[in-house]
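Below, each chain spelled out in residue letters.
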Protein chains: 2
Amino acid sequence: MLTKSTSEQDRQELRARIMEVARDLFVQKGIDAVTMREIAKRIGYSATSIYLYFADKQALLREICESDFAAMASHIKVILEIADSGERLIAISNSYAKFALMYPNHYQLMYMTPHARYGISVDDEYKNNLEKDAYFQLRTVVNAVFLEGKFRKEWNDVDLIAQTLWAGIHGVCALQITMPKEDWINWRPVEHRLQMMQTLLKLGLTER
Amino acid sequence: MLTKSTSEQDRQELRARIMEVARDLFVQKGIDAVTMREIAKRIGYSATSIYLYFADKQALLREICESDFAAMASHIKVILEIADSGERLIAISNSYAKFALMYPNHYQLMYMTPHARYGISVDDEYKNNLEKDAYFQLRTVVNAVFLEGKFRKEWNDVDLIAQTLWAGIHGVCALQITMPKEDWINWRPVEHRLQMMQTLLKLGLTER
DNA sequence: GCCGTTAACTTAACATCGTTAAGTTAACGG
DNA sequence: CCGTTAACTTAACGATGTTAAGTTAACGGC
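The written sequence of each chain sets the order in which its residues are numbered from 1. Chain A is the first chain written and ligand 1 is the first ligand written, with later ones labelled in order. With the structure being a predicted model, the display of local features is reserved for residues of pLDDT at least 70 and the display and counting of side-chain atom pairs for 80 or more, all residues being used for whole-chain, interface and lining totals.

K.L.:
Even after reading the chapter, I still don't get the relation of the copies chain A and chain B, so can you show me in this structure?
P.N.:
Related by rotation about an axis and a shift along that axis, the two copies of the chain form a pair. Only residues with pLDDT of at least 70 in both copies contribute their C-alpha atoms to the least-squares superposition of the copies. Rotating chain A by 175° about the axis while translating it 0.9 Å along that axis superimposes it on chain B, leaving an RMSD of 2.3 Å. The transformation relating the two chain copies, once decomposed into turn and shift, fits a two-fold axis. We call two residues in contact if the C-beta atoms placed from their backbones are at most 7 Å apart. Comparing contact sets, 91% of the residues at the interface of chain A also lie at the interface in chain B, consistent with an isologous, same-surface contact.

Shown next as structure tokens:
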């Protein structure tokens, strides 16, 4: 080591660099396959230095997830200003999928990795927060559509509706990320699959 | 050790017992959290004895997966004999979800993990095989329903339909596996979410 | 019944993992 | 310029998957 990160800014930059490198490795190789020593090597420090910035591997992972959750929510936030609630719902779904497919690495860590198993528990500030919780954003829009009576009357559980919509979009994105070009499946373009999923869900929810 | 497993039958029984114990532990605690020593302790042998029956941990895991693939295949075989194609489609969807939620670790390995990462390559015998390839089974049933003209006429791409149905069920199961009880989400029971997904997709596909 | 061969099983050991404790060194205040 | 402190490193611990070497039980031939 030639120099030491002494200023607060230096500290934050190094912290951010650790998270950046760790996220790339986690996504690329899987969490358990990435060692603290490997992360350290990539940033040019010894393994134990990471522990000066994060309590342990779990804490590092949790912070990465939280940061990505926030990034995604802020990406979606602009949607909330669309006037028509139905259009807002379509837009939020599109935006969610766009994020997932544009940042598959982040998405994979956030929504395709069993959190409980790795002891991740997201910080309270990310829960039920319109700015930071993408699911809460979706639920909010679903609720608005519901209150305007746009759904068939048999659909009256806002959480159930939101969770099913989420699952539909998630399913398309997750399969696309997991098996983008497995040759034994005659994959249709992901845009078509997304479009069809949205149409089917909309028909089932609204048409009479 | 008082006695040794010398007969071929003894060998097979011990092999089966290892797989049984390992599967329980894998499902309960997650694959990476289960140690060979722990499995060994449960069967009353030393850790290295497992290596007399399986090449390594991955081989053990793969054999467990294949064994459960076979169980699922024979379970679905019955479904393929259901007369009404619409009911057949519902049944295959239920069966798929049941498998996913009963063996979340196996499901995760098969459909939620970028295969290239773990060097897993699905054996060719599992591709486009009515007995062993779940997607191909689904596509076959979708095709039957399509040929009977049960879908709205605007849905005329069998692959696109099958892939969208798959994504819907997969989405519910995958979210359930990834975040089974995150407390900031007011999760509805997974059975309800599955039911709603099936209903929405069916309405969108068939109702006029 | 004994004995050598073989296969089943165990113990010891290795490299590597996350993590902690102890040691070192660079930077800042006086 | 020196002492203090925080940043950073090296050494080490217990646990992991796995291999090598040692031990022991069972079977076949006499």
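K.L.:
Looking at this structure, how should I read the interface of chain A and chain B?
P.N.:
Put simply, an interface is often sized by how much accessible area is lost when its parts join up. Contacts between the two partners involve 43 residues from chain A, matched on the other side by 42 residues from chain B. Among the secondary structure elements, those contributing two or more residues to the side of chain A that touches chain B are helix 7 (158-178) and helix 8 (190-206) of chain A. The helix count covers DSSP runs of H or I at least four residues long, the strand count covers runs of E at least two residues long, and both are numbered beginning at the N terminus.

K.L.:
Where do I start with the environment of B:C173 in this structure?
P.N.:
All names here are of chain B. Mapped onto the fold, C173 is located in helix 8 (residues 158-178). The class of C173 is buried, set by 28 C-beta atoms lying within 10 Å. Setting aside residues up to four positions removed in sequence, C173 forms contacts with A97, A100, L101 and Y107. Here exposure depends only on C-beta density: within 10 Å of a residue's C-beta, 20 or more other C-beta atoms make it buried, 12 or fewer make it exposed, and intermediate numbers make it partly exposed, the C-beta atoms being placed from the backbone.

K.L.:
What is the right way to read the packing of helix 5 (residues 104-111) of chain A against helix 7 of chain A from this model?
P.N.:
Describing two packed helices takes the angle between their axes plus the distance from one axis to the other. All names here are of chain A. All axes here are fitted lines through C-alpha atoms, helices being fitted over the stretch that makes contact, and every angle between N-to-C directions spans 0 to 180 degrees. Contact pair helix 5 / helix 7: the axes reach a minimum separation of 11 Å and the direction vectors enclose 120°. Between helix 5 and helix 7 lies a crossing of left-handed hand. Judged by residue contacts, P104, Y107, Q108 and Y111 of helix 5 engage H170, C173 and I177 from helix 7. Note that Gly is not counted as nonpolar here; it falls among the polar residues with everything else outside the nonpolar set of Ala, Val, Leu, Ile, Met, Phe, Trp, Tyr, Cys and Pro and the charged set of Asp, Glu, Lys and Arg. Here the contact of helix 5 with helix 7 is built from residues that sort into five nonpolar, two polar and no charged. In this scheme the crossing of two helices becomes right-handed for a clockwise turn of the near helix relative to the far one and left-handed for an anticlockwise turn of less than a right angle.

K.L.:
Where do I start with the protein's contact with DNA strand D in this structure?
P.N.:
In this entry, near means the residue's backbone-placed C-beta atom lies within 6 Å of the molecule or strand. Around DNA strand D lies a shell of 22 residues, among which A:S46, A:T48, B:T35, B:D56 and B:K57 are the nearest. The residue makeup of the surface near DNA strand D, split by class, is seven nonpolar, nine polar and six charged.

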